[in-house]
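Fold and contact review
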Amino acid sequence: MKLFPLLLAGFFFTSVNAQITFNKIDTTMKIGKAGYRVTCRNRSVAENPLSVRPVGMETEAKEMNFPLRGRVYSAQVDDLNNDSYPDLILYIYTDSAAIHGTVYAFISEGNKSIAPCALPDVALDGKINMGYKGYDKFSLLEGTLLQQFPIFNPGDAKDKPTGGTRTLLYQLGRGEGGQFKFNRTRFYDTK
């Protein structure tokens, strides 16, 4: 089991300075007959028009259009709430250098409606923000959202972290009021 964290760390961090390219997003992703059509120009970090249109869902599920602060790096579908219908996950970088990332999810509720959900900000969590300076990487692993970033020790150069890698695992759950939220289930550091 100790090999798993090491493999993940090696997979995500070959270089802190790896350049990320933002292409226009215009894709349709489905699980079975249901899914989402996602479009985003990705021109400006300040404001990008994002469109998320449900495909193959009941008529109550409406298209959503709104300005996005940041750029969409990638999109995936998975069944995060275990209702047998696809949920959309968008990986977004909120700065022009693609250092600080986040995740927006659109959760299908029984193929009838869609509820938004955002990832909590690591910088605001005192248990895990020590050594955090961005360089976020995200992935899905069997319904679990993974966030990884290099750990910077005091005195580290901005592109040379020496503290290893922190991995956070999130599961989708319900918060107060019944809305969806990502709950951190575990985190660990690797050298």
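Placed above this text is the structure.
Overall, antiparallel pairing links the four strands, which are arranged E9-E10-E11-E12 in an open sheet. Single-partner strands in this sheet number two, and they are strand E9 (137-141) and strand E12 (180-190). Recorded for the sheet is a direction-independent mean angle of 25° between the axes of neighbouring strands. Note that E9 and strand E10 (residues 144-150) share five bridges and pair antiparallel. Residue pairing across strands places leucine 141 opposite threonine 144, the latter belonging to E10.

Our next topic: unusual backbone geometry. In this structure, alanine 98 takes a positive phi of about 55° despite not being glycine. Residue classification places alanine 98 among the buried residues on the basis of a relative accessible area of 10%.

To continue, consider the pattern of salt bridges. Applying the stated criterion to the full structure yields five salt bridges. Across the salt bridge formed by arginine 37 and aspartate 26, the nearest N and O atoms sit 2.7 Å from each other. Of the two residues, arginine 37 sits in strand E2 (residues 34-40) while aspartate 26 sits in strand E1 (residues 25-31), which places them eleven residues apart along the sequence. For arginine 37, a relative accessible area of 29% corresponds to the partly exposed category. A relative accessible area of 43% places aspartate 26 in the partly exposed class. A salt bridge links aspartate 159 to lysine 160, with the shortest nitrogen-to-oxygen separation between them at 3.9 Å.

It is worth spelling out the packing of aromatic side chains at this point. Scanning the entire structure with this criterion turns up eight aromatic pairs. Here the aromatic rings of tyrosine 135 and phenylalanine 152 are separated by 5.9 Å at their centres, their planes lie at 35°, and the arrangement is tilted. A residue pair is termed long-range when its members are at least 10 positions apart, and tyrosine 135 in the loop between strand E8 (113-118) and E9 and phenylalanine 152 in the loop between E10 and strand E11 (165-174) qualify at 17 residues. We classify tyrosine 135 as buried; its relative accessible area is 12%.

Reading across the sheet, the four strands line up as E1-E2-E3-E4 and stay open at both edges, with antiparallel pairing between neighbours. Two strands lie at the open edges of the sheet, namely E1 and strand E4 (64-68), each paired on one side alone. Taking the axes of each pair of neighbouring strands and ignoring which way they run, one obtains an average angle of 15° across the sheet. Where E1 meets E2, seven bridges bridge the pair, whose relative direction is antiparallel. Bridge assignment links lysine 30 to a residue of E2, and that residue is glycine 35.

For the rest of this paragraph, the subject is the nonpolar core. Judged by nonpolar contacts, the single largest core of 21 residues is most densely connected at Val103, Leu145 and Phe182. Breaking this core down by element, the ones donating at least two residues are strand E6 (87-93), strand E7 (101-109), E8, E9, E10, E11 and E12. Among residues more than four places away in sequence, those in contact with phenylalanine 182 are Leu80, Val103, Ala105, Cys117, Ala118, Leu119, Pro120, Leu145, Tyr170, Gln171 and Leu172. Cys40, Leu90, Phe106 and Ile114 belong to the second-largest nonpolar core, a separate cluster that totals 19 residues.

Rules used throughout
Residues numbered from 1 in each chain as written. Predicted model: local features only at pLDDT ≥ 70, side-chain atom pairs only at ≥ 80, totals over all residues. Heavy atoms only, no water. Pairing = 2+ DSSP bridges. Helix = DSSP H or I, 4+ residues; strand = E, 2+ residues; numbered from the N terminus. Axes fitted to C-alpha atoms, helices over the stretch in contact; angles between N-to-C directions. Buried < 20%, exposed > 50% of the residue type's maximum accessible area, 1.4 Å probe, protein only. Salt bridge = Lys/Arg side-chain N within 4 Å of Asp/Glu carboxyl O. Phe/Tyr/Trp six-rings, centres within 6.5 Å; stacked < 30°, edge-to-face > 60°. Core = buried A, V, L, I, M, F, W, Y, C linked by side-chain atoms within 4.5 Å. Contact = heavy atoms within 4.5 Å.

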